[in-house]
Amino acid sequence: ALGPAYVRVSGTWANTTFFQDSKAPRQKKVPAGFKAVLTRKEWKGVIDFSNAVDAPIVTSFAISPGARNASGLWTPAQARKIVDFTKAHHGTIAAVEFMNEPTVAEMGGAPKGYNATDFVKDLAVFHAFVRKSLPQTIILGPGGVGEQGNMLSHFPGVMKSKDILADGGAKYFDAFSYHSYGFVSSRCASMGSNMNTTLAAALSEGVLSRGDQIEQFYAALRDRYMPGKPMWNTETAQAACGGDRWASTFADSFRYLDQLGDLARRGVQVQMYNTLVGSDYGLLQEGTFEPRPNYWAALLWHKLMGTTVLDAGASPSKNLHLYAQCLRNHPGGVALLAINASKTDAQSLDVPVKSVRYTLTAKKLTDHVVQLNRTDLKLGADSSLPRLKGQRVHAGKVTFAPMSITFLAIPDAQNAACRQ
């Protein structure tokens, strides 16, 4: 129901994983220079899933010592096996990053002392390989994380995206990619309280604006070294280290949708949610695959918000965050997202034409069940999705309750920018 989309299969584990390109059972011994083994059967599962849900693959490859020659230079031997297998089984790799999060390369499995100069040398080999093997695939980079703030101060052997770009890496990327984590979860409390956030602050401006601050940092690098290139946020969630416990509740839907709207307004073309299934920030509950609140938020966004971003105008209140885009599949129509982050006060707008309202609320911020126009959203007995039915609203004043998220579909807006 979220397709077409991308499915990204990457992460720190991908930096050190050996692809066992044989029909044999998983080998018990991990080859030297790697930390894990990926089988054909597992990767075939990725390809099948990608094709079934109309979500081409975005990935990265092993860069650990086992993927290098005697002089320490990266070789495409491992990557070529994955690419060839993917093509042979009718998979599509839409975009690639050389490695996951090079700003923390040493922690991620790169050789000790690995630096920006080494990365750019490897990138030249990688670029030539991708252009020959996957000529239509988008090369993303540098894929940094944690540079806005002091997150990187807690890791050994870090490098800066600026150094990668300045050392010549910029010419190898088709689009600028970065990861966005405003905080780390309580699992990583040892990094310092200034890196954590709390449930009490979930609707605060400090939390809701963090994604914007991170994007501005990386957009400045893009503008300097890769002017005009698209921006991709290839990994984001409530907090690094698996997310806080409340990342699976309605409380995080405010941050999630605010970031979608805000970064779209700033020109970010792709945002990749971490994860579909897994840990506290997953869209689906691990094991049961029951949708969590952010899944329903994503589904409404996908149903209503088109790809043309509009100016929503000034908000009457700092607590009411407004975003507008063309209404999907309705020429001339507009979709308005109104997020009321106030815990106590209703907000209102004057909407001069009739609309259809889709309001998300929960009985408590920490609920795992979210309501659409006061009706619980849940799967049917056969795991089918419910009908997302809106409420018709007459032209005039529209009120938004405290701690609510509302999409207004305005098919009769007659917006000239949305008629194409």
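Everything here concerns the structure above.
A few points on the structure. Numbering of residues begins from 1 in every chain and follows the order in which that chain's sequence is written. Reporting of local features is limited, given that this is a predicted model, to residues whose pLDDT is at least 70; pairs of side-chain atoms are given and counted only at 80 or more, and all residues count toward the totals for whole chains, interfaces and linings. Hydrogens are left out, water is left out, and the side-chain values use all remaining heavy atoms of the structure.

Glancing now at the overall build of the protein chain. For the protein chain, the count of helices and strands is 8 helices and 19 strands. Our radius of gyration looks at C-alpha atoms and nothing else; its globule reference is 2.2 Å times the residue count to the power 0.38. On C-alpha atoms alone, the protein chain measures out to a radius of gyration of 22 Å, which is about the 22 Å that the 2.2 N^0.38 rule sets for 420 residues. Seen along its three principal axes, the alpha-carbon backbone of the protein chain occupies a region of about 70 × 45 × 45 Å. Counting only residues that meet the buried cut, the protein chain has 55% of its 420 residues in that class. Within the protein chain, counting contacts between residues at least 6 apart in sequence, those at least 24 apart form 73% of the total. As used throughout, the charge tally considers Lys and Arg to be positive and Asp and Glu to be negative, leaving His and the chain termini uncounted. We put the charge of a Lys on NZ, of an Arg on CZ, of an Asp on CG and of a Glu on CD. Computed over 45 positive and 33 negative side-chain charges, the inter-centroid distance for the protein chain is 3 Å. The way it works is that DSSP assigns letters per residue, a run of H or I at least four long becomes a helix, a run of E at least two long becomes a strand, and they are numbered from the N terminus. For each residue, the accessible area found with a 1.4 Å probe, counting protein chains only, is set against the maximum for its type, and the residue is called buried under 20%, exposed over 50%, and partly exposed in between. When checking whether two residues touch, look at their non-hydrogen atoms; a contact exists if any pair is within 4.5 Å.

Moving on, we get to the sheet that holds strand β8 (residues 231-236). Taken together, the 7 strands give an open sheet; going across it, the order is β1-β4-β5-β6-β7-β8-β9, and neighbouring strands pair in parallel fashion. Two strands lie at the open edges of the sheet, namely β1 (7-9) and β9 (268-273), each paired on one side alone. Here the strands of the sheet are splayed against their neighbours by 25 degrees on average, with no regard to which way each runs. Criterion used throughout: strands pair if DSSP finds at least two bridges between them. The sheet contact formed by strand β5 (residues 93-97) and strand β6 (residues 138-144) spans 3 bridges and is parallel. Paired with Val96 across the two strands is Ile139, which belongs to β6. Note on geometry: axes are lines fitted to C-alpha atoms, helical ones only across the stretch in contact, with angles between N-to-C directions running from 0 to 180 degrees. Helix α1 (residues 40-52) rests against β1 and β4 (57-59) of the sheet, and its axis sits at about 140 degrees to β4. Together, β5 and β6 form the strand contacts of helix α3 (residues 116-133), whose direction differs from that of β6 by roughly 150 degrees.

The subject of this paragraph is the state of the cysteines. For the purposes of this analysis, a disulfide is any pair of cysteine sulfur atoms at a distance within 2.5 Å. In the structure shown here, the tally under the stated rule is 2 disulfides. Covalently, Cys188 is tied to Cys241 through a disulfide, its sulfur atoms 1.9 Å apart. In this structure, the disulfide formed by Cys188 and Cys241 twists by about -95 degrees around the S-S bond and is classed as left-handed. Of this pair, Cys188 sits in the loop between β7 (175-180) and α5 (205-208) while Cys241 sits in the loop between β8 and α7 (251-265); the two residues are 53 residues apart in sequence, bridging distant segments of the chain. Sulfur-sulfur distance for the disulfide between Cys326 and Cys418 comes to 2.0 Å. Linking Cys326 and Cys418, the disulfide has an S-S dihedral of approximately -85 degrees and is accordingly described as left-handed. Of this pair, Cys326 sits in strand β11 (residues 320-327) while Cys418 sits in the segment after β19 (404-410), placing them 92 residues apart in sequence.

All right, on to the packing of helix α6 (residues 210-225) against α7 then. Any two packed helices are characterised by the angle at which their axes cross and by the distance between the axes. Running from N to C, α6 and α7 point in directions that differ by 30 degrees, and their axes come no closer than 9 Å. Here α6 is positioned roughly parallel relative to α7, judged by the angle of their axes. The way α6 lies across α7 gives a crossing that is right-handed. The segment α6 lies against α7, with Gly211, Asp212 and Glu215 engaging Gln259, Asp262 and Leu263. Any angle from 65 to 115 degrees is called roughly perpendicular, while one under 35 is roughly parallel, one over 145 is roughly antiparallel, and all others are oblique. Here is the rule for handedness: rotate from the far helix to the near one, and if that takes an anticlockwise turn smaller than a right angle the crossing is left-handed, while a clockwise turn gives right-handed.

Structurally, Gln325 can be placed in strand β11. We classify Gln325 as buried; its relative accessible area is 3%. Here Gly306 takes part through its backbone oxygen, which lies 2.5 Å from a polar atom of the side chain of Gln325. If we skip the residues at most four places from it in the chain, Gln325 touches Ala264, Trp301, Met305, Gly306, Thr308, Val309, Leu310, Val334 and Ala335. The definition of a polar contact used here is a pair of N or O atoms within 3.5 Å, where within protein one atom must be able to donate a hydrogen and the other to accept one, and adjacent residues in sequence count solely through side-chain atom pairs.

Here we come to the packing of aromatic side chains. Two aromatic rings from Phe, Tyr or Trp, using only the six-membered ring of Trp, form a pair when their centres are within 6.5 Å; if the ring planes differ by under 30 degrees the pair is stacked, by over 60 it is edge-to-face, and anything between is tilted. This structure, assessed with the given rule, holds 15 aromatic pairs. Relative to Phe126, the ring of Phe98 has its centre 5.2 Å away and its plane inclined at 55 degrees; by these criteria the two rings are tilted. Here Phe98, found in the loop between β5 and α3, pairs with Phe126, found in helix α3; they are 28 residues apart in sequence, far enough to count as distant. Each member of the pair, Phe98 as well as Phe126, carries the same accessibility label: buried. Site record: aromatic cluster; members linked through ring pairs are Phe61, Trp74, Phe98, Phe119, Phe126 and Phe129.

A word on the pattern of salt bridges. Salt bridge, as used here: a side-chain nitrogen of Lys or Arg that lies within 4 Å of a carboxyl oxygen of Asp or Glu. Applying the stated rule across the entire model yields 15 salt bridges. One salt bridge in this structure joins Glu235 and Arg8, with 2.7 Å as the shortest N-O distance. Here Glu235, found in strand β8, pairs with Arg8, found in strand β1; they are 227 residues apart in sequence, far enough to count as distant. Residues Arg131 and Asp174 are paired through a salt bridge, measuring 2.7 Å at the closest nitrogen-oxygen approach. Taken together, the residues Arg131 in helix α3 and Asp174 in the loop between α4 (161-166) and β7 connect sequence positions 43 residues apart. Look at Arg131 and you get partly exposed, because its relative accessible area is 30%. A single network of salt bridges, built from pairs that share partners, joins Arg8, Glu97 and Glu235.

Bringing the packing of α7 against helix α8 (residues 293-304) into the picture now. Here α7 crosses α8 at 30 degrees, and the two axes come no closer than 9 Å. With respect to α8, the element α7 is oriented roughly parallel. Both α7 and α8 take part in a crossing whose hand is right-handed. Mapping the contact onto sequence places Asp252, Ser253, Arg255, Tyr256, Leu257, Leu260 and Gly261 in α7 and Pro293, Asn294, Ala297, Ala298 and Trp301 in α8. The residue inventory of the contact of α7 with α8, partitioned by class, reads 7 nonpolar, 3 polar and 2 charged. Gly counts as polar in this scheme, as do all residues outside two lists: the nonpolar Ala, Val, Leu, Ile, Met, Phe, Trp, Tyr, Cys and Pro, and the charged Asp, Glu, Lys and Arg.

An α-helical turn contains 3.6 residues, so a residue and the one three or four places further along point in the same direction. By definition here, a helix of n residues has an expected span of 1.5 Å times n minus one. With 12 residues, α8 should reach 16 Å at 1.5 Å per residue; the first-to-last C-alpha distance of 17 Å fits that figure. Counting buried positions along α8 gives 11 out of 12 residues, so the element sits mostly inside the fold. Burial in α8 covers these residues: Pro293, Asn294, Tyr295, Trp296, Ala297, Ala298, Leu299, Leu300, Trp301, His302 and Leu304.

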